[in-house]
Amino acid sequence: LAFNAERLTLSGSALKGAASREKDFLASVKATMSLWNTATGKTELVNWGGWWRKRFREDPDKAQRVLNEVLCLVREHRITNSPGAAATDLWKRLP
């Protein structure tokens with residue numbers, strides 16, 4: 001089997017040496033979602049943890065920027081629908 005960089009990035013297994021950074025990132029996702037709504041933090045990772053994990057593996061810096069923006073929006077009470085929807089939109093818009 002031949003593996004290319006894209007296929008390895010989208011794999012379901014953790015990248016070597018990145019497991020702790022990924023766990024910290026997902027903990028930040030949970031904390032941000034819990035700040036918006038206490039019940040949302042748990043369900044966000046259950047329902048959308050794979051999306052967050054794949055975005056982190058695809059581009060960790062961009063994923064962190066998106067999460068930081070979502071956190072700012074949550075703190076400013078500017079999210080009316082869902083922080084996850086805001087994150088998806090930001091992922092598409094940010095370079």
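Residues numbered from 1 in each chain as written. Predicted model: local features only at pLDDT ≥ 70, side-chain atom pairs only at ≥ 80, totals over all residues. Heavy atoms only, no water.

(A) Summary view of the nonpolar core. Counting 18 residues, the largest nonpolar core has F25, V29, W52, V66, V70, I79 and A87 as its most contacted members. Those elements that place two or more of their residues in this core are α2 (19-36), α3 (38-58), α4 (60-75) and α5 (83-93). (Core = buried A, V, L, I, M, F, W, Y, C linked by side-chain atoms within 4.5 Å. Buried < 20%, exposed > 50% of the residue type's maximum accessible area, 1.4 Å probe, protein only. Helix = DSSP H or I, 4+ residues; strand = E, 2+ residues; numbered from the N terminus.)

(B) Quick look at the pattern of salt bridges. A full pass over the atoms with the stated rule returns five salt bridges. For the salt bridge of E58 with R55, the shortest nitrogen-to-oxygen distance reads 3.4 Å. With a gap of three residues between them, E58 and R55 both fall in helix α3, about one helical turn apart. Of the residues examined, E58 reaches a relative accessible area of 40% and is grouped as partly exposed. For R55, a relative accessible area of 14% translates into the label buried. Among the salt bridges present, the one from D89 reaches R93, with a minimum N-O distance of 2.8 Å. One end of the pair, D89, and the other, R93, are both in helix α5, four residues apart, so they sit about a helical turn from each other. Taken together, the shared-partner salt bridges in this structure form one network comprising E22, R53 and R57. (Salt bridge = Lys/Arg side-chain N within 4 Å of Asp/Glu carboxyl O.)

(C) The packing of aromatic side chains, seen in detail. Under the defined criterion, the tally for this structure stands at four aromatic pairs. Pairing F25 with W52 gives two aromatic rings, centres 6.0 Å apart and planes at 55 degrees, and the pair type is tilted. Of this pair, F25 sits in helix α2 while W52 sits in helix α3, and the two are 27 residues apart along the sequence. Judged on exposure class, the residue F25 and its partner W52 are both buried. Where W51 meets W91, the ring centres are 6.4 Å apart and the plane angle is 75 degrees; that geometry is what we call edge-to-face. Taken together, the residues span a long stretch of sequence, with W51 in helix α3 and W91 in helix α5 at a distance of 40 residues. Summarising the burial analysis for this pair, W51 and W91 share the class buried. An aromatic cluster of three or more residues is present, and its members are F25, W51, W52, F56 and W91. (Phe/Tyr/Trp six-rings, centres within 6.5 Å; stacked < 30°, edge-to-face > 60°.)

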